[in-house]
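Coordinates in review
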Amino acid sequence: MSSRDQILARVRAAVADAPEAPEVSRDYLTTHTADDPAAVLDLLHENLADYRALVHRTRPEGLPALLARLLAERGATTVLAPAGLPAGWLAESTATRTDDTPASTAQELDAVDSVVTGCAVAIAETGTIVLDGSAGQGRRRITLVPDHHICVVRAPEQVVASVPQALPRLDPARPLTWISGPSATSDIELDRVEGVHGPRTLEVVLVEEGTSTE
Amino acid sequence: MSGTYLGMPSFPEAAREAVHNETLRENLRHATHTIRDKRAKAVAELADWAQLREAGRQIKDRTLRHLDEYLVQLEKSVTAAGGTVHWAADADEANRIVAGLVKATGEREVVKVKSMATQEIGLNEALEAEGITAYETDLAELIVQLGEDRPSHILVPAIHRNRGEIREIFARTMSEWGRPAPEGLTDSPAELAEAARLHLREKFLRAKVGISGANFMVAETGTLVVVESEGNGRMCLTLPETLISVVGIEKTVPTWQDLEVFLQTLPRSSTAERMNPYTSTWTGTTEADGPRDFHLVLLDNGRTATLADEVGRQALRCIRCSACLNVCPVYERAGGHAYGSVYPGPIGAILSPQLRGTESEIDASLPYASSLCGACYDVCPVAIDIPEVLVHLRERVAGQGGKGHRLEKAAIKAAGWVLNHPAALAAGEKAASKTRGLHPRRLPGAAAWTDSRDLPEVPPEPFRDWWKKNRT
């Protein structure tokens, strides 16, 4: 008998007399936050910052200047831009733009100063951004190997309050990367240290597209 | 490296040494108390914790009840997404499969993301025997590997090491494995982490084969999930051309939606964070993004035997958060090595004897490695009633007999005779009182009991004599 058949037969024998398990009661909350986009965005900001991401806020028209400033402050001379990144975002930056191609090696990515991407969803309660590899987000490795990642979140449409609200918006067929603050370890006496293998600096730009004219 | 647990002494023997190691006790106390306090705060943030815990329990129970169907569904989904599924009945078969897959790539090196399942089966040693070097890339696992040590905690395997010891290990051994530690390395955690970053980066960037475990496998979609903090997981999962994941069959969950429960309860229970820094999910292979080849090895290795035990099967709900270790008064004093298994602490005390059977000395002693205080049950995010399983397993160990249990039976029989013969009892008590200065501190024949407990002193006069003098 193959191991497959053997394991399946052993499972069946093991639970043959077990009572039927009840349906799962999903009476937990779908969100822990009041349904108010402004409050949800503030919570996202707070929780991202709490896990030591650098958070910035702007209006759509201010985004190119803000990105240019962040890259300049970092001293970035090269910036990686995934296919599908909105053309205007890097219009004001003087850093040399390199494209993300399947042929580029990990060593080449290691030499890039910064990477700018969008995201699929951001989760306020946990301070998490989720990338799914679609337009403007690129392959998984481009937000991993370079040491500086700037992620742009469009509010309110890309922001949800909770994990239960995020999952239905994500396609499991795509490879997903959930990022909550920069890479960190607590393996040495439980002291938190940022930046072990992933980018040591994570900057998140919250772009508010509301109609407010204040 | 010394990753094997064969020939381990029983728990009381190993624990006796550990409790006299003051550095170890101090490292452990600091770590477990820090993390247990943080965890309580993280859990208190969620008003529906009790409901999430109950849902987690129910999802796991339902999965286990129909595990055959979910495994077949999982196999179909992974295969449809471009992956290859292998089945391994035991450790040897799993190791053979993985070694064969690595050899087929022509490579002699692999990078590994920390995985309990591959530690359980001794994969690194099996690969070494085949001439393949496995590099552990989790910082704590790296400390363990370089120190030729064994892990002592599920989440923080090097919890028993302090920064001074880690600095010494890095400075002494990194050069043997690759890039040496920087000159003048101090014991600051930031510098130590930087040394690990530099040392491992050269391995990540050239690696062609990655090996991982998984926290969850979604039957419905064929998706695997790895949660981690450092990014070494992301490196291993996305840079190599071939990815091999070795996962226990109990890690299955039925649906994508089920992750909404565990992605809330796991990080808060384990690292006491709202969310761990990185979570990766992948489904088979993706064109031009990540590995070209993906192999999933489904591991039994004692899990179906555990499933067959109606009380003990709840141990298979475990999501390896390690919350039970951090609240356990026995773990805090004895340390992880005393459990003689990759699964230490309360969960190890019920999981190891079920996965491996209770025949060996260490496994027969593990159900007794507890005070039954119940703190482990209270914190468990999937409500495993660990004390219930411990008592159940004690029954099993007692039932199978063995040296201690034969002696205990003989002693109880003798006591029964004495208690039925009052004259003999009175004479014995008198003799005991008169000779109290000569009594040993350890009882011959019952040393297993008296080695870890103080014997009560015999009073200067028997109670019956005192009663006669004062009350009649």
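All figures in this text were calculated on a predicted structure; none of them were measured in a lab.

1. Looking at the overall build of chain A
- Within chain A, the regular secondary structure consists of five helices and twelve strands.
- Oriented by its inertia axes, the alpha-carbon framework of chain A measures out at about 70 × 45 × 40 Å.
- Looking at chain A as a whole, 56% of its 214 residues qualify as buried.
- Long-range pairs, those at least 24 residues apart, make up 72% of the contacts in chain A between residues at least 6 apart in sequence.
- Carbon and sulfur atoms provide 51% of the accessible area of chain A, an area that totals close to 8800 Å².
- With 18 positive and 31 negative side-chain charges, chain A shows a separation of 6 Å between the mean positions of the two kinds.

2. Some points on the nonpolar core
- Residues A:Trp178, B:Phe11, B:Leu259, B:Ile347 and B:Ile350 are the most contacted members of the largest nonpolar core, which totals 77 residues.
- Apart from the residues within four sequence positions on either side, B:Ile350 is in contact with B:Ala315, B:Ile384, B:Ile386, B:Val389, B:Leu390 and B:Leu393.
- Counting residues in each nonpolar core, the second largest holds 36 residues, with B:Ile143, B:Leu185, B:Ala193 and B:Cys236 among its members.

3. Some details on the interface of chain A and chain B
- Contact residues are listed per partner, giving 73 residues for chain A and 93 residues for chain B.
- Buried area between chain A and chain B, both sides added, is near 7300 Å², and the carbon and sulfur share of it is 56%.
- If you sort the residues of chain A by the area they bury against chain B, A:Arg140, A:Asp187 and A:His197 come out on top, with a joint share of 11%.
- Along the contact surface separating chain A from chain B lie 46 residue pairs in polar contact (both at pLDDT 80 or more).
- Contributions of two or more residues to the side of chain A that touches chain B are made by helix H1 (3-15), helix H2 (37-50), helix H4 (106-110), helix H5 (163-166), strand E9 (176-179) and strand E10 (184-185) of chain A.
- It is H1(A) that contributes the most residues to the side of chain A that touches chain B, ten residues altogether.
- The residue makeup of the side of chain A that touches chain B, split by class, is 35 nonpolar, 18 polar and 20 charged.
- With four bridges joining them, E9(A) and strand E9 (residues 278-283) of chain B adopt antiparallel strand pairing. Its bridge partner lying in E9(B), A:Thr177 is registered against B:Ser280.

4. Considering a nonpolar patch on the surface
Residues and elements named next belong to chain B.
- A contiguous nonpolar patch, built from Phe463, Trp466 and Trp467 and spanning about 350 Å² of accessible area, is present on the exposed surface.
- Its place among the elements puts Trp466 in helix H23 (residues 463-471).
- Look at Trp466 and you get partly exposed, because its relative accessible area is 33%.

5. Details of the packing of aromatic side chains
Residue and element names in this part refer to chain B.
- Scanning the model with the defined rule gives seven aromatic pairs over all chains in all.
- Relative to Trp466, the ring of Phe463 lies with its centre 5.9 Å away and its plane at 20°, an arrangement referred to as stacked. Of this pair, Phe463 and Trp466 both sit in helix H23, three residues apart, which is roughly one turn of that helix.
- With centroids separated by 6.0 Å and ring planes inclined at 40°, the aromatic side chains of Phe463 and Trp467 adopt a geometry described as tilted. Taken together, the residues span about one helical turn, with Phe463 and Trp467 both in helix H23 at a distance of four residues.
- Taking NZ or CZ as reference, Lys60 lies 5.8 Å from the ring centre of Phe262, over its face.
- Against the face of Tyr278 rests Arg234, its NZ or CZ located 4.8 Å from the ring centre.

6. Re the sheet that holds strand E3 (residues 133-136) of chain B
Residues and elements named next belong to chain B.
- Pairing is parallel across the open sheet formed by six strands, whose spatial order is E1-E10-E7-E4-E2-E3. For this open sheet the edge positions go to strand E1 (84-88) and E3, each flanked by a neighbour on one side alone. In this sheet, adjacent strand axes meet at a mean angle of 25° when their direction is disregarded.
- Relative to strand E10 (residues 293-299), E1 is paired through five bridges, and the arrangement is parallel. Each residue of the ladder has a partner; that of Val85, found in E10, is Leu296.

7. Focus on unusual backbone geometry
- Here the residue pair A:Ala155 and A:Pro156 is connected by a cis peptide bond, since its omega of 5° sits within 30 degrees of zero.
- Positionally, A:Pro156 belongs in the loop between strand E7 (148-155) and strand E8 (159-160).
- Non-glycine residue B:Asn301 carries a positive phi angle of around 50°.
- As for its placement among the helices and strands, B:Asn301 is situated in the loop between E10 and helix H13 (303-307).

8. Topic: the sheet that holds strand E2 (residues 78-81) of chain A
All names here are of chain A.
- The six strands lie next to each other as E1-E12-E7-E4-E2-E3, forming an open sheet whose pairing is parallel. The sheet terminates laterally at strand E1 (54-58) and strand E3 (96-99), the two strands that pair on one side only. This sheet shows a mean twist of 25° between the axes of neighbouring strands, independent of strand direction.
- As judged from the four bridges shared by E2 and E3, these two strands associate in the parallel manner.

9. Regarding the environment of B:Tyr331
Residues and elements named next belong to chain B.
- Position of Tyr331 relative to the elements: it lies in helix H15 (residues 329-334).
- Considered as a pair, Tyr331 and His153 are 178 residues apart in the sequence and their alpha carbons are 9.6 Å apart.
- Within polar-contact distance, the side chain of Tyr331 engages the backbone oxygen of Ser152 at 2.7 Å.

10. A look at helix H19 (residues 386-399) of chain B
- The first and last C-alpha atoms of H19(B) sit 20 Å apart over 14 residues, in line with the 20 Å expected at 1.5 Å per residue.
- A positive phi of about 75° marks B:Gly401, the residue just after H19(B).

11. Here we look at the pattern of salt bridges
- Summed over the entire model, instances satisfying the criterion amount to 47 salt bridges over all chains.
- The salt bridge involving A:Asp100 is made with A:Arg139; its shortest N-O contact spans 3.0 Å. Here A:Asp100 is found in the loop between E3 and H4, whereas its partner A:Arg139 is found in the loop between strand E6 (128-131) and E7, with 39 residues between them in sequence.
- A salt bridge links A:Asp147 to A:Arg200; its shortest N-O distance comes to 3.0 Å. Here the residue A:Asp147 occupies a position in the loop between E6 and E7, and A:Arg200 occupies one in the loop between strand E11 (193-194) and strand E12 (201-208), the gap between them amounting to 53 residues.
- What makes A:Arg200 partly exposed here is its relative accessible area of 31%.
- What emerges from the salt-bridge pattern is a single network uniting A:Arg74, A:Asp147, A:Arg200, B:Glu194 and B:Arg197.

Conventions we followed
- Sequence positions are assigned chain by chain, starting from 1 and proceeding in written order.
- Lettering for chains starts from A, numbering for ligands starts from 1, and both go in the order in which the items are written.
- Side-chain atom pairs in this predicted model are given and counted only at pLDDT of 80 or more, local residue features only at pLDDT of at least 70, and totals for whole chains, interfaces and linings cover all residues.
- Based on all heavy atoms of the structure, the side-chain values leave hydrogens and waters out of the count.
- Only DSSP runs of H or I reaching four residues or more are called helices, and only runs of E reaching two or more are called strands; each is numbered from the N terminus.
- Type-normalised accessible area, obtained with a 1.4 Å probe on protein chains alone, sets the label of each residue: buried when under 20%, exposed when over 50%, and partly exposed for intermediate values.
- Here, residues are in contact when the closest pair of their heavy atoms is within 4.5 Å.
- Methods summary: accessible areas were calculated by the Shrake-Rupley approach with a probe of 1.4 Å, and residue burial reflects only the protein chains presented.
- The charge count includes Lys and Arg as positive and Asp and Glu as negative, but it does not include His or the ends of the chains.
- Just so you know, the charge point we use is NZ for Lys, CZ for Arg, CG for Asp and CD for Glu.
- For the purposes of this section, nonpolar cores are sets of buried Ala, Val, Leu, Ile, Met, Phe, Trp, Tyr and Cys residues that join through side-chain atoms within 4.5 Å.
- Buried area is understood as the total, over both parts, of accessible area removed when two parts are fitted together, assessed with a 1.4 Å probe.
- What qualifies as a polar contact is a pair of N or O atoms within 3.5 Å, subject to a donor-acceptor requirement within protein and to the restriction that residues adjacent in sequence count only when both atoms come from side chains.
- Residue polarity follows a fixed list, in which Ala, Val, Leu, Ile, Met, Phe, Trp, Tyr, Cys and Pro are nonpolar, Asp, Glu, Lys and Arg are charged, and the others, Gly among them, are polar.
- Note on pairing: DSSP must find at least two bridges between two strands before they are called paired.
- The residues that make up patches have over 30% relative accessible area and no salt bridge, and they are joined within 9 Å when like-charged or within 5 Å when they are Val, Leu, Ile, Met, Phe, Trp or Tyr.
- A pairing counts as a salt bridge when a side-chain nitrogen of Lys or Arg comes within 4 Å of a carboxyl oxygen of Asp or Glu.
- In this scheme Phe, Tyr and Trp rings, the latter by its six-membered ring, pair at centre separations within 6.5 Å, and the angle between planes marks the pair as stacked below 30 degrees, edge-to-face above 60, and tilted otherwise.
- When the NZ atom of lysine or the CZ atom of arginine is within 6 Å of a ring's centre and also within 35 degrees of its normal, the charge is said to sit over that ring.
- Geometry is summarised by axes, namely lines fitted to C-alpha atoms with helices restricted to the contacting stretch, and by angles between N-to-C directions that run from 0 to 180 degrees.
- Multiply 1.5 Å by the residue count of a helix minus one, and that product is the helix's expected span.

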